[in-house]
Amino acid sequence: DTTVHLHSVLRDGLSYLAAVSPPERTVATAPLLVIEFLHKIADTFVLYFGEPADESAVKDNFSTCYQLLEEMVDHGWPLTTEPNALTDLIRPPTVMGKIQQAISGGSSSILSEALPRGTVSNMPWRKAGVTHPNNEIYIDIVEEVDCILTSSGAVVSSDVSGSVQAQSNLSGVPDLLLTFNDPERIDDCSFHPCVRYNRYEKDRVVSFVPPDGPFELMRYRVRRDSDDSLAVGSMPIQVMPSVGYPRRPASGTTNGGDAESRGRITISVSARSISSLIYSSSRRGALVIDDVAVLIPFPKFVRTANLTVTAGQVVYDEAGKMAKWVIGKLDEKSRPELKGDMVLEDNYCDDDDGNTGRPGVGSGELQPPLLVNWKILLASVSGLNVSGLSVTGERYKPYKGVRNICRSGTFQIRCD
């Protein structure tokens, strides 16, 4: 029997695929373990090659990718996945390293001959003898909103997940204690191996010895109240699309000469100061939404599109049938708008009756939803805040920075 189970994740346009033997042939493997490990590989590639770790990054650093997989997987099982241990074993690529590798004609220059300094300790995630001239730690509470809205702004479905991202530059072996103002607002928590899970279960505090550098401390989901914290009309951004296609003439009739069939599209974007978001006490001034961008996928029957915008820049990818409208910063006073028309294929709607006004019904196509990206600093959906961050085990007093970030996850706008 050659049956195998396939697990895959999609990151930065790359599909990470793992083949797993069925339980009756070997030890049963939890699917979530495989999926988490694939995400860990993708995160490691981002750490080594920068973001995005796409196809070109893998091609340019293939030997490093091969060496990383050699260390991360041992006989089909995850082995070394901690960034600190991996960077000790395999040096991240540099310009000088690539020049030296090209001259020597081999890839041995990226390998270290010494064992990682955390390999033989009871804390494999942290190096021994870490020193920093400036001791500091930064905590970001990042919450992502996954949502589907209609063209009128009504919420069809929504979900909020969060993570605590940390950047630790602390000398020695510090012991940290992180406390939240309202930990009951979160659920389904998963933690970095450095966290003492029993302590969290007992006291709802996060006690840990941090790795050195950037790492994800924990992930969670926001509990839903009985009244649903993401009610209709509570989103901080409003996107109003209007897409229209001409009615295809009935069979045997003309289209008015050789005139091309054209569709029309209009999209307006605005910020809403009244929403379900909870803002940090340190926030000042009016609402500003950062990194606003709208991805507009078009059906296959669209040949090309001519688009103009009142703010930002729009680029249409004719091969991928996708337009990207980058707005940037958006405040309450601005209301950017996109307008344009689409040139359609002659057989854009192969309906037997030939008289439908709905685009692509005959060929099984519908207008794809818009994808919106946005980010708001010093804001959150859950209202989760850090009430305390203490450092023990070392004499120094580090600088501590904490902030909230709310951003879009999979944020879709239907074109009804």
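Given the structure is predicted, the values throughout are model-derived calculations rather than measurements. (Residues numbered from 1 in each chain as written. Predicted model: local features only at pLDDT ≥ 70, side-chain atom pairs only at ≥ 80, totals over all residues. Heavy atoms only, no water.)

What about the overall build of the protein chain?
Link 1 in the chain: Tallying secondary structure elements over the protein chain gives six helices and 22 strands in all.
Link 2 in the chain: Here the protein chain holds 416 residues, and the buried ones make up 41% of them.
Link 3 in the chain: In the protein chain, once contacts between residues fewer than 6 apart in sequence are set aside, the share between residues at least 24 apart is 75%. (Helix = DSSP H or I, 4+ residues; strand = E, 2+ residues; numbered from the N terminus. Buried < 20%, exposed > 50% of the residue type's maximum accessible area, 1.4 Å probe, protein only. Contact = heavy atoms within 4.5 Å.)

Here's the deal with the side chain of S382
Link 1 in the chain: One can find S382 in the loop between β20 (379-380) and β21 (386-392).
Link 2 in the chain: You can call S382 buried: its relative accessible area is 1%.
Link 3 in the chain: Here the side chain of S382 touches L384 through a polar contact of 3.1 Å, landing on its backbone nitrogen.
Link 4 in the chain: Excluding its chain neighbours within four sequence positions, the residues that come into contact with S382 are E143, R185, Y220, V222 and I278. (Polar contact = N/O pair within 3.5 Å; in protein donor to acceptor, adjacent residues only side chain to side chain.)

Points about the sheet that holds strand β18 (residues 337-344)
Whenever strands of a sheet pair, they do so through backbone hydrogen bonds, lying parallel or antiparallel.
Link 1 in the chain: Here we have four strands laid out as an open sheet, ordered β11-β12-β18-β15, and antiparallel in their pairing. Of all strands in the sheet, those with a lone pairing partner are β11 (237-244) and β15 (302-309), marking the two edges. Each adjacent strand pair in this sheet contributes to an overall mean axis angle of 15°, direction not counted.
Link 2 in the chain: Across eight bridges, the pairing between β11 and strand β12 (residues 262-271) is antiparallel. Looking at the pairing, V239 lines up with V269 of β12. (Pairing = 2+ DSSP bridges. Axes fitted to C-alpha atoms, helices over the stretch in contact; angles between N-to-C directions.)

What about the pairing of strand β6 (residues 155-169)?
Link 1 in the chain: Of the pairings in the sheet, the one linking strand β5 (residues 136-149) to β6 comprises 14 bridges and is antiparallel in character. Bridged to D140 within β6 is Q165.
Link 2 in the chain: Pairing of β6 with strand β10 (residues 213-222), which is carried by eight bridges, proceeds in the antiparallel orientation. Within the sheet, the bridge partner assigned to S163 lies in β10 and is R219.

Looking at unusual backbone geometry
Link 1 in the chain: Cis geometry marks the peptide bond from E51 to P52, where omega comes out at 5°.
Link 2 in the chain: Residue placement: P52 occurs in the loop between α1 (31-49) and α2 (55-60).
Link 3 in the chain: The phi dihedral of R204 falls on the positive side, at around 60°, and the residue is not glycine.
Link 4 in the chain: Relative to the assigned elements, R204 resides in the loop between α6 (197-203) and β9 (206-208).
Link 5 in the chain: According to the relative accessible area criterion, R204 is partly exposed, its value standing at 28%.
Link 6 in the chain: One non-glycine residue, D291, lies in the positive phi region at around 55°.
Link 7 in the chain: Its location among the elements puts D291 in strand β14 (residues 288-297).

Let's talk about the layout of surface pockets
Link 1 in the chain: The calculated volume of the second largest pocket comes to roughly 410 Å³.
Link 2 in the chain: Within the residue set of the lining of the second largest pocket, elements represented by two or more residues are β2 (14-20), α1 and β4 (77-78).
Link 3 in the chain: For the lining of the second largest pocket, a count of residues per class yields 14 nonpolar, six polar and no charged. (1 Å grid on protein atoms, 1.4 Å probe; cavity = no way out; pocket = protein on both sides within 12 Å on 5 of 7 lines; lining within 4 Å. Points joined across faces, edges and corners; volume = space filled by probe spheres on them. Nonpolar A, V, L, I, M, F, W, Y, C, P; charged D, E, K, R; others polar.)

Overview of the environment of N385
Link 1 in the chain: The residue N385 is located in the loop between β20 and β21 in this model.
Link 2 in the chain: For the pair formed by N385 and S280, sequence separation is 105 residues and the distance between their alpha carbons is 8.3 Å.
Link 3 in the chain: Among residues more than four places away in sequence, those in contact with N385 are I141, T179, F180, N181, S280 and N404.

Points about the packing of aromatic side chains
Link 1 in the chain: What the rule picks out here adds up to nine aromatic pairs.
Link 2 in the chain: Each ring, one from F298 and one from Y316, has its centre 5.7 Å from the other, and the planes form 75°; the classification is edge-to-face. One end of the pair, F298, is in the loop between β14 and β15; the other, Y316, is in strand β16 (residues 313-317), and 18 residues separate them in sequence. A single burial state applies to F298 and to Y316, both of which are buried.
Link 3 in the chain: Linked through ring pairs, Y16, F45, Y48 and F49 together constitute an aromatic cluster. (Phe/Tyr/Trp six-rings, centres within 6.5 Å; stacked < 30°, edge-to-face > 60°.)

Quick notes on the pairing of strand β1 (residues 5-11)
Link 1 in the chain: As judged from the seven bridges shared by β1 and β2, these two strands associate in the antiparallel manner. Note on β2: the bridge partner recorded for H5 is V20.
Link 2 in the chain: Linking β1 to β2, which pair antiparallel, is a turn of two residues; within it D12 sits at a positive phi near 55°.

Here's the deal with the pattern of salt bridges
Link 1 in the chain: Per the counting criterion, the structure on display carries 18 salt bridges.
Link 2 in the chain: In this structure, the salt-bridge partner of D140 is R403, at a minimum N-O distance of 2.9 Å. With D140 in strand β5 and R403 in strand β22 (residues 399-413), the pair connects residues that are 263 residues apart, well separated along the chain.
Link 3 in the chain: Here R403 falls in the partly exposed class, since its relative accessible area comes to 37%.
Link 4 in the chain: Among the salt bridges present, the one from D203 reaches R199, with a minimum N-O distance of 2.9 Å. (Salt bridge = Lys/Arg side-chain N within 4 Å of Asp/Glu carboxyl O.)

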